[in-house]
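Each chain is listed here by its residues.
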Amino acid sequence: MGLLEQCEVAFGSRDLYRVLGVRREASPEEIRRGYHRASLRVHPDRAEPDAKEEATRRFQILSKVYAVLSDAEQRAVYDEQGTVDEEGEVLRGERDWQEYWRLLFKKITVKDIEDFEKSYKDSEEELADIKAAYMDFEGDMDRIMESVLCVNYTDEPRIRKIIEKAIATGEVPSYKGFVKESKQKMMARKRRVEKEAREAEKTKDELGLGGEDDLKALIQSRNKDRKKEMDDFLAQLEAKYVNNAKKGGKKAAAKKGK
């Protein structure tokens, strides 16, 4: 069975971009983040014993998808012809996909995430992410609030002001879904996020979290009913933090060279 058929069976789609949850026009870094988010949800280390085999299979498929889309030549062939070179170097042979994953994404702590959150909020990077999310989701605040990193329901007025200013200055278009959002939808989102905030605080208290707790210990200890939401949140922060750390490393190296 080829990769496209494997994707259809495991994820319900032959579209490699859809499997990773990214746009067809996604940049290499967006594809990398999409792979990270998707792979964290099915990573064998995070699966229950009776689900480990299926998680491993899906994890391997996701890794192959990323291997194709992260290779410029393979991606070009897929974009133009809708096919994957199963015999090409990218997919040929037996690769240790878990080791491949570990080489791509470093292990981080809760303190790393907290430090990143402090530097990210109100930064130029956050501003660009908010505008991009507004454009991608055509003003849908539910999806904007879910996709922008490090935000909670108390940030919504701040996020709205940023978007309203960008509309007023002509930086982004005025989407009906944003400017004419119903009060019912706003209240439903408020109730939902307030409930999630209460649950998050309860989990934090139950686990006795401090600044140095390992993410893996956190994930293994949490309530199963919250597993997917926590995975999505941690995946976004991990992917963003790793990218930010690499950029910092490059700058430091450049200065040292001077």
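Quick caveat: nothing in here was measured; it's all calculated off a predicted structure.

1. Some words on the environment of G21
- Considering the arrangement of structural elements, one finds G21 in the loop between helix 2 (16-20) and helix 3 (28-42).
- According to the relative accessible area criterion, G21 is exposed, its value standing at 55%.
- Residues G21 and A38 lie 17 residues apart in sequence; the distance between their C-alpha atoms is 7.6 Å.

2. Notes on the packing of aromatic side chains
- The full count for this structure, using the stated rule, is four aromatic pairs.
- Here a set of aromatic residues connected by ring pairs shows up, and it is made of Y134, Y175 and F178.

3. Things to note about the pattern of salt bridges
- Within the structure shown, the criterion is met by 19 salt bridges.
- For R23, the salt bridge identified is with E30, shortest N-O distance 3.0 Å.
- E30 sits in the partly exposed class, given a relative accessible area of 24%.
- Between R57 and E54 there is a salt bridge, with the nearest N and O atoms lying 2.8 Å from each other. Taken as a pair, R57 and E54 lie in helix 4 (residues 52-69) at a separation of three residues, close to a single helical turn.
- The class for R57 is partly exposed, based on a relative accessible area of 32%.

4. Let's talk about the packing of helix 3 against helix 4
- With their axes 9 Å apart at the nearest point, helix 3 and helix 4 run at an angle of 175° to one another. The orientation of helix 3 with respect to helix 4, classified from their angle, is roughly antiparallel. Here helix 3 contributes I31, R32, Y35, A38, S39 and V42 to the contact with helix 4, which in turn contributes A55, R58, F59, L62, S63, Y66 and L69.
- Grouping the constituent residues of the contact of helix 3 with helix 4 by class yields nine nonpolar, two polar and two charged.

What counts, and at which threshold
Residues numbered from 1 in each chain as written. Predicted model: local features only at pLDDT ≥ 70, side-chain atom pairs only at ≥ 80, totals over all residues. Heavy atoms only, no water. Helix = DSSP H or I, 4+ residues; strand = E, 2+ residues; numbered from the N terminus. Buried < 20%, exposed > 50% of the residue type's maximum accessible area, 1.4 Å probe, protein only. Phe/Tyr/Trp six-rings, centres within 6.5 Å; stacked < 30°, edge-to-face > 60°. Salt bridge = Lys/Arg side-chain N within 4 Å of Asp/Glu carboxyl O. Axes fitted to C-alpha atoms, helices over the stretch in contact; angles between N-to-C directions. Parallel < 35°, antiparallel > 145°, perpendicular 65-115°, else oblique. Contact = heavy atoms within 4.5 Å. Nonpolar A, V, L, I, M, F, W, Y, C, P; charged D, E, K, R; others polar.

Any link to function would need more than the numbers given here.
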